[in-house]
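# A look at the structure
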Amino acid sequence: MKRLQEQARGRDIGDNLIIRTAVRLLVPFIQLFGLYVIVHGHYSPGGGFQGGVILGASFILLALAYDLRTSLRFMSERTNAILGNAGVLIYTGIALLCALLGGMFLDYSALDRLISLGPIEWRSLGIFLVEVGVGTAVMSIMVSLFWDLGSGGEMDEGL
Amino acid sequence: MEPLLSEIVAKYNYWIYVVLMMIGFYAMIGKRNLVKKLLGMNIFQTAIILFYVSIGGKRGGGIPIVDKHAAMLHGVDATTVVNPLPHVLMLTAIVVSVSVTGVALAILIRIYRKYDTLEEDEILEKIGR
Amino acid sequence: MNTPNLHLYVLAAPLLTAFAVNLLGRVSRTWIGPLVLGALTFSAGGALMTLLHVLREGAFRYTIGNWQPPLGIELVVDPLSALMLLLVSAVALLATSSALKSVAHELPGREHLFFTLYMILIAGLLGLVLTGDAFNLYVLLEITAITTYGLIAMGSGRAALSSFNYIIMGSIGACFYLLGVGYLYILTGTLNMADIAQILPGLDAPAAIATAFAFLMVGLWVKMGLFPLHVWLPNAYSQAPTGAGAMIAPLMTKVTIYLMIRVMFSIFSPDYTFLAHAGIQAGIVWAASLAIMCASGLALAQRNLRRMLTYILVAEVAYMVGGVWLANGTGITGAILHIVSDAMMTLCLFLAAAAIIYRTGSLEFDRLNGLYRRMPVTMAAFTVGAFSMIGVPPTCGFFSKWYLILGAVRAGHPEFVTALLISSLINAVLFFRIIELAYFQPASDLSRSEPQQAGEAPLLMLSPLLLSAVALVAIGLGSGPLIENIIRLAMPPGFAP
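Residues numbered from 1 in each chain as written. Chains lettered and ligands numbered in written order. Predicted model: local features only at pLDDT ≥ 70, side-chain atom pairs only at ≥ 80, totals over all residues.

Counting its regular elements, chain A contains 6 helices and 0 strands. Taking contacts inside chain A between residues at least 6 apart in sequence as the whole, the part at least 24 apart equals 60%. (Helix = DSSP H or I, 4+ residues; strand = E, 2+ residues; numbered from the N terminus. Contact = placed C-beta atoms within 7 Å.)

The following block contains the structure:
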């Protein structure tokens, strides 16, 4: 028993083993739930910001249970930056696209001229598309807030 | 005394939010430690959010989530559901609050690195010297 | 491209460029300059076309997403907001071309981060002048505020602490504004400005409406830096990086004054604002006069050029608040003309300060000796800006002060006239002090012994400076046509210039 404990301490797992295993099992489900919340913003409490925070929280949970470098392995800083910018560009891009196609800004029924599904259906679908953009941007902001504040900008252990 | 007491009891939720707001406001202005000022700002903003959300409440009102097809057939009776507009407005306010807190915390880290303390009077001493 | 959408393209261009700069600036720094300048040139051109369109065809309302008001978010494009749109985009373009150089000098390697925040700030300011919905105003106000907090904190020295104090004060202002909007929502059930204006006169809740008005006004006064709520302004604007200060100082306070005009006249009617509560109107003019005197007095005590300019800015804010609250057409005309001319004046002076600090590295008064020899063009432009601040014809500062004084005389507020005249004298003292140091003092031994970079600032910094100095004289000479054609249409109903 004592030898097992010494082995575990040497490998730096020790009493974190339960937390690490639980987090490793939970994080995919949390991310799936986050995506569910984004998509179901129409019919139940949810939407872009809420789902984005849940997605971001999954990465923060990884950083808390393991260490900052491990969570950086799952999503690098560069990917984070690109995802964040892409999220806002999706939102503004769809708004601009609606205006360029002849409607008003954010008037999703104008997108009917691209792929014809009916203007009312497009209003519902258009909101979903911008919510995806919002969710991605919020996720990347939450994660980068945690990384920068928790490690003081150096992205090393700190936590 | 009677009418004053009944005023307070009837609108107790508004009084609670006013008390919370004043606690947050006092912390923002009266405290010396920068983190306590930031927490005061958070309390102030949260009190305003609670105030707004409580505006929409109705006696006997239910959650404003309705079945899509029932709503398309019969319409929604506004007296049975709580007003959801303030909830949605306050989502935006919560996002603003989170962003300001994030920026403020990042600035606090810079201040700490530079002056090695987070008490306002010590920082002003170090600058003045 | 659809012409009715043009004002939103003007807004969308800086917003998209912000994120494009963030992505592409990481790859290579040379993308940032052309992207930023191209987007702002497009915005300025689009704003000019929007103004001409509005003058020809009249004001129009635009609903985002085609959701009908009062439920949808509405944008109001009338002569006043089109004029502000042109002003914001023109000032932003001039300030950015100077900022490109000073940011490369002060914050090497972080330009893409700086310009992301910068472009989002410009997009927020453009949105603020267009919006017609009270809660949308709060969101855009906070967007501009958060980016400003970030930009100011990027400076050196005391910048981080100044930015934190600005966060606390700015959040108080924005939360008070939010409370005011909340009270209006409880009273009227709608957030659209035109709709609230229709419902409010028929209500019977004088205490609640007065509280809503008080909260809205105090929130906006904190945000614009009206004395004595101004304590965050001098530190924040003088410690900011030079490129950011040159854009934030001219624009943020002016846009907030525009918002105050909107709240006073488009949400609450002029009758309510000026007549409903006896003594408030006169009291605020008295408070503005006091603010002008105190701020000018504080400016006399400063030893650093940028700090002195920020105290003068606080006094100018009080000019405009007093001018609007004079409650006659001449005063309001003077205030609106002063918004335009003060933005240009402040831009010219801050750009001159940026050029000086780029070449000599310091703005303390004892380092400004003999600057005329080394930077003649910069000092000439600075002199034009100084004359405009003092109020010397034919620069625009003279005409706007003339209207303000005339309005105060007509309204019977001699204290405001006294404050304006004394403030002009104090400005004269302040600026002639600097002009004497720069033109007539020989360069002191202190500055001669250190290695100096001789010569003017680079062309990218010099050309916006010269353009803004020329614009000061042009706006001054053209202020007659400006008032006739644009400002007369922008006045609230019932007032004439």
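What follows picks up the thread again.
Moving on: the overall build of chain C. Per the secondary structure count, chain C includes 21 helices and 2 strands. Since a compact globule built from 497 residues should have a radius of gyration of about 23 Å, the 22 Å found for chain C is in line with a globular shape. When burial is assessed residue by residue, chain C has 60% of its 497 residues classed as buried. (Rg over C-alpha atoms; globule rule 2.2 N^0.38 Å. Buried ≥ 20, exposed ≤ 12 C-beta atoms within 10 Å, placed from the backbone.)

Further remarks concern the nonpolar core. Within the largest apolar cluster, 261 residues are counted, with the highest numbers of intra-cluster contacts made by V88, A318, C348 and A355 of chain C. If one sorts the elements of this core by residue count, helix 14 (residues 329-360) of chain C sits on top with 20 residues. (Core = buried A, V, L, I, M, F, W, Y, C linked by C-beta atoms within 7 Å.)

This brings us to the interface of chain C and chain A. Listed by partner, the interface residues are 14 residues for chain C and 13 residues for chain A. Among the elements of the structure, helix 1 (6-27) and strand 1 (60-63) of chain C are those that each provide at least two residues to the side of chain C that touches chain A. In terms of residues, the side of chain C that touches chain A owes the most to one element, helix 1 of chain C, which gives 7 residues. Tallied by class, the residues present in the side of chain C that touches chain A amount to 8 nonpolar, 6 polar and no charged. (Nonpolar A, V, L, I, M, F, W, Y, C, P; charged D, E, K, R; others polar.)

Quick look at the packing of helix 5 (residues 134-153) of chain C against helix 6 (residues 159-188) of chain C now. Relative placement of two packed helices is described by the angle separating their axes and the distance separating the axes. Residues and elements named next belong to chain C. The interhelical angle for the contact between helix 5 and helix 6, taken along N-to-C directions, is 175°, at an axis separation of 9 Å. It follows that helix 5 is roughly antiparallel to helix 6 by the angle criterion. Of the residues in helix 6, those touching helix 5 at A134, F135, Y138, L141, E142, A145, Y149, I152 and A153 are A159, A160, S162, S163, Y166, I167, G170, A174, Y177, L178, V181 and L184. Grouping the amino acids of the contact of helix 5 with helix 6 by side-chain chemistry returns 17 nonpolar, 3 polar and 1 charged. (Axes fitted to C-alpha atoms, helices over the stretch in contact; angles between N-to-C directions. Parallel < 35°, antiparallel > 145°, perpendicular 65-115°, else oblique.)

Before going further, it helps to examine the interface of chain B and chain C. The accessible area lost on association of the parts is a frequent measure of interface size. With 25 residues of chain B in contact, the opposing surface of chain C contributes 21 residues. Those elements giving two or more residues to the side of chain B that touches chain C turn out to be helix 3 (34-55), helix 5 (85-115) and helix 6 (120-128) of chain B. Its residues assigned to classes, the side of chain B that touches chain C comprises 19 nonpolar, 3 polar and 3 charged.

Turning our eyes to something else, we now look at the pairing of strand 2 (residues 74-77) of chain C. All names here are of chain C. Side chains E74 and V76 of strand 2 all project onto a buried face; the interleaved residues L75 and V77 project onto the opposite face, where all are buried too. Here strand 1 runs beside strand 2; their pairing, made up of 4 bridges, is antiparallel. Considered in strand 2, the bridge of R61 is made with V76. (Pairing = 2+ DSSP bridges.)

A word on helix 5 (residues 77-100) of chain A. Over its 24 residues, helix 5 of chain A extends 34 Å from the first C-alpha to the last, a length consistent with the 34 Å expected when each residue adds 1.5 Å. Taken together, the buried positions of helix 5 of chain A are occupied by G84, N85, G87, V88, L89, Y91, T92, I94, A95, L96, C98 and A99 of chain A. Of the surrounding elements, those touching the buried residues of helix 5 of chain A are helix 6 (119-151) of chain A together with helix 1 of chain C. (Expected span 1.5 Å × (residues − 1).)

All right, on to helix 10 (residues 242-267) of chain C then. Residue and element names in this part refer to chain C. Between its first and last C-alpha atoms helix 10 spans 37 Å; for 26 residues at 1.5 Å apiece the expected length is 38 Å, and the two agree. Where helix 10 bends most, at I248, the angle is about 35°, and the proline P250 comes one to four residues later. The element helix 10 is extensively covered by neighbouring structure, given that 25 of its 26 residues are classed as buried. (Bend = angle between axes of the 7 residues up to and from the residue.)

All names here are of chain C. One way to put it is that helix 17 (residues 396-411) packs onto helix 18 (residues 414-440) with a least axis distance of 8 Å and a crossing angle of 155°. Regarding the angle of helix 17 to helix 18, the classification is roughly antiparallel. Counted together, K401, L404, I405, A408 and V409 of helix 17 and F416, V417, L420 and S424 of helix 18 form the full contact between these two elements. Residue composition of the contact of helix 17 with helix 18, by class: 7 nonpolar, 1 polar and 1 charged.

Right, let's get into the environment of V218 of chain C. The topology assignment puts V218 of chain C in helix 8 (residues 206-224). Residues V218 of chain C and A174 of chain C lie 44 residues apart in sequence; the distance between their C-alpha atoms is 9.7 Å.

Residue and element names in this part refer to chain C. Counting through the fold element by element, L24 comes out in helix 1. A count of 17 C-beta atoms within 10 Å places L24 in the partly exposed class. Separated by 88 residues in sequence, L24 and H112 have C-alpha atoms that sit 8.3 Å apart.

All names here are of chain C. The predicted model of chain C averages 88 in pLDDT, with 97% of residues at 70 or higher. Ranking the elements of chain C by mean pLDDT puts helix 19 (residues 445-449) last with 49 and helix 5 first with 94. pLDDT under 50 marks residues 447-451. Its contacts with residues more than four places away, or in other chains, come to 4 contacts. Both scores are given for the predicted complex: the pTM is 0.92, the ipTM 0.93. (pLDDT = per-residue confidence, 0-100.)

Here the focus is unusual backbone geometry. For residues that are not glycine, phi is negative in most cases, and the peptide bond is trans in most cases. The linkage connecting F227 of chain C with the following residue, P228 of chain C, adopts the cis geometry, with an omega of 0°. Here P228 of chain C is to be found in the loop between helix 8 and helix 9 (233-239). For the peptide bond that leads from P393 of chain C to P394 of chain C, omega is 0°, which places it in the cis range. Note on placement: P394 of chain C falls in the loop between helix 16 (376-390) and helix 17. Positive phi, normally seen in glycine, also occurs at D116 of chain B, with a value near 70°. Here D116 of chain B shows up in the loop between helix 5 and helix 6. Phi is positive for A327 of chain C, which is not a glycine, with a value near 65°. With respect to the element layout, A327 of chain C can be found in the loop between helix 13 (305-324) and helix 14.

With that out of the way, let us pick up the confidence of the model for chain A. Chain-level statistics for chain A give a pLDDT mean of 84 and a share of 87% at 70 or above. Ranking the elements of chain A by mean pLDDT puts helix 1 (residues 2-10) of chain A last with 66 and helix 2 (residues 17-39) of chain A first with 92.

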